[in-house]
Every structure is written in structure tokens, then in C-alpha cells.
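Given next are the chains, with one letter for each unit.
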Amino acid sequence: MSSFLKTRAATLFWGFAVTYFFTGHIVTSLKIFAVMAIGNTLIMWKLVK
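Not measured: the values here are computed from a predicted model. The residue numbering used here restarts from 1 in each chain and proceeds along that chain's sequence as written. Where totals are concerned, whole chains, interfaces and linings use all residues; where local detail is concerned, this predicted model gives features only for residues with pLDDT of at least 70, and gives and counts side-chain atom pairs only at 80 or more. Heavy atoms from the whole structure form the basis of all side-chain values; hydrogens and water molecules are not counted.

Caption draft 1: Structural detail: the side chain of S29. Along the chain, S29 falls in helix α2 (residues 26–48). Only protein chains enter the calculation, and the probe is 1.4 Å; a residue is then buried if its accessible area is under 20% of its type maximum, exposed if over 50%, and partly exposed in between. Since its relative accessible area comes to 0%, S29 is described here as buried. Contact partners of S29, with chain neighbours within four places excluded, come to F16, T19, Y20 and T23. Numbering of helices and strands runs from the N terminus, with a helix taken as a DSSP run of H or I at least four residues long and a strand as a DSSP run of E at least two residues long. What makes two residues a contact is simply this: any of their non-hydrogen atoms within 4.5 Å.

Caption draft 2: Representation of helix α1 (residues 3–23). The terminal C-alpha atoms of α1, which comprises 21 residues, lie 30 Å apart, in line with the 30 Å expected from a rise of 1.5 Å per residue. Three or more residues of α1 are buried, namely F4, R8, G15 and T19. Looking straight down α1, one finds its buried side chains confined to an arc of 35 degrees; they lie on one side. Seen from the open side of α1, the exposed residues pointing more than 90 degrees away from its buried face are S3, K6, F13, W14 and F21. Those residues of α1 that are buried lie in contact with α2. Phi turns positive one or two residues past the end of α1, at G24, with a value near 75 degrees. Expected helix span is computed as 1.5 Å times (number of residues minus one). This arc corresponds to the set of directions leading from the helix axis out to the C-beta atoms.

Caption draft 3: Geometry of the environment of H25. Checked against the element boundaries, H25 lands in the loop between α1 and α2. What makes H25 exposed here is its relative accessible area of 51%. Remark: the alpha-carbon pair of H25 and F4, spanning 21 residues in sequence, is separated by 29 Å.

Caption draft 4: Structural context of the packing of aromatic side chains. Here a pair means two rings of Phe, Tyr or Trp (six-membered ring of Trp) with centres within 6.5 Å. Their orientation is stacked below 30 degrees between planes, edge-to-face above 60, and tilted elsewhere. Applying the stated criterion to the full structure yields 3 aromatic pairs. Arranged with centres 5.4 Å apart and planes meeting at 75 degrees, the rings of F16 and F33 form a pair that is edge-to-face. You can see F16 sitting in helix α1 and its partner F33 sitting in helix α2, a full 17 residues away along the chain.

Caption draft 5: How the structure looks around a nonpolar patch on the surface. Put simply, a patch holds well-exposed residues, over 30% relative accessible area, that have no salt bridge, with like charges counted together within 9 Å and Val, Leu, Ile, Met, Phe, Trp or Tyr side chains within 5 Å. Residue burial considers only the protein chains on display, and all accessible areas are found by Shrake-Rupley using a 1.4 Å probe. Salt bridge, as used here, is a side-chain nitrogen of Lys or Arg placed within 4 Å of a carboxyl oxygen of Asp or Glu. On the surface, Y20, I26, V27 and L30 cluster together into a nonpolar patch covering about 370 Å² of accessible area. Ranked by residues supplied to the nonpolar patch, first place goes to α2 with 3 residues. Within the element layout of this structure, I26 appears in helix α2. On the basis of relative accessibility, which here comes to 44%, the residue I26 falls in the partly exposed class.

So, in C-alpha cells, the structure goes:
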């Protein structure tokens, strides 16, 4: 597994956990997290290249 995928998996897990902790609602967390994950993935992909 590449370092990008390992880093991405860890940040996705952490991001969802933090979002859920602060919102307390799974539906709201998923919406916020989806937007955040897509944006962060694109930024990380550009920086790691």
C-alpha cells in the first residue's frame, strides 16, 4: 500500500470521527465529511505528487 493511501485512510478515519463527535448526528456528519474528504483528497494528491 502506498504512503498516500495509508495517509489518506488515516485522515479519513480521523476526519469522520471528529466530525461525528462535534455534530452528534450521523447524517449531518456524513454530509460534512463527504465534502471535506473530497476536497482534502484532491489537495493531498496534488501535494504528494
